[in-house]
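Okay, here's what each chain looks like letter by letter:
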Amino acid sequence: MAGHDFTARIAWTGNRGAGTQSYRGYDRTWDMATPGGVAVHCSNDPRLGGDPTLPNPEDLLLASLAACHMLWYLHLASAAGIMVTDYADDPLGMAESAPDGTGRFVKAVLRPRITLADGSDVAAADAIHARIHAHCFIARSVNFPVEYAATYHHG
């Protein structure tokens, strides 16, 4: 098997001047950047004191999972001769929190809305989803079930 390395830079931006001297005395904001990429301003989950207008680690995990699925879907559809003209997803990640504050994802449901060229075989287009988990790095790496509930349109 070939090895692959991925890197990112994570930098905390929430020091208000006293560092972490007190729990409520610092912001949960941080920047994420990949080599050659622009910084993405992020925060913690709002329930944990984060900024609700910024993505949090849980949002990014769910978005990564949905993006990986989408990219493999487009690849496999193209290889199968199925023309996709639009693809958008509003994935849902379901998590649970224990009384001690620890948490985890228990399931994700990808909900892509896919537009196919007129005359496309919807059953063949739908069957592609079942093959993606074998390819997607992210889906193969998470320890919770990933389901999909796609809808299709022609146009």
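Now for a quick tour of the structure. (Residues numbered from 1 in each chain as written. Predicted model: local features only at pLDDT ≥ 70, side-chain atom pairs only at ≥ 80, totals over all residues. Heavy atoms only, no water.)

The terminal C-alpha atoms of helix α1 (residues 57-79) lie 33 Å apart, and with 23 residues this matches the ideal 33 Å at 1.5 Å per residue to within 8%. Those residues of α1 that fall on the buried side of the exposure criterion are L62, L65, A66, C68, H69, Y73, L76 and A77. Backbone geometry just after α1 places G81 at a positive phi near 80°. (Helix = DSSP H or I, 4+ residues; strand = E, 2+ residues; numbered from the N terminus. Expected span 1.5 Å × (residues − 1). Buried < 20%, exposed > 50% of the residue type's maximum accessible area, 1.4 Å probe, protein only.)

Attention now moves to the pattern of salt bridges. This model, assessed by the stated rule, comprises 5 salt bridges. The salt bridge partner of D90 is R113, with a shortest N-O separation of 2.7 Å. Taken together, the residues D90 in the loop between β4 (84-89) and β5 (92-97) and R113 in strand β7 (residues 112-116) connect sequence positions 23 residues apart. Take R113: its relative accessible area is 34%, and that puts it in the partly exposed class. (Salt bridge = Lys/Arg side-chain N within 4 Å of Asp/Glu carboxyl O.)

This next bit is on the sheet that holds strand β2 (residues 30-33). In any sheet, the strands associate via hydrogen bonds between backbone groups, in a parallel or an antiparallel arrangement. Taken together, the 3 strands give an open sheet; going across it, the order is β1-β2-β3, and neighbouring strands pair in antiparallel fashion. Two strands bound the open sheet, and with one partner strand each, they are β1 (9-12) and β3 (40-42). This sheet shows a mean twist of 25° between the axes of neighbouring strands, independent of strand direction. Across 3 bridges, β2 lies against β3 in antiparallel orientation. Looking at the pairing, W30 lines up with C42 of β3. (Pairing = 2+ DSSP bridges. Axes fitted to C-alpha atoms, helices over the stretch in contact; angles between N-to-C directions.)

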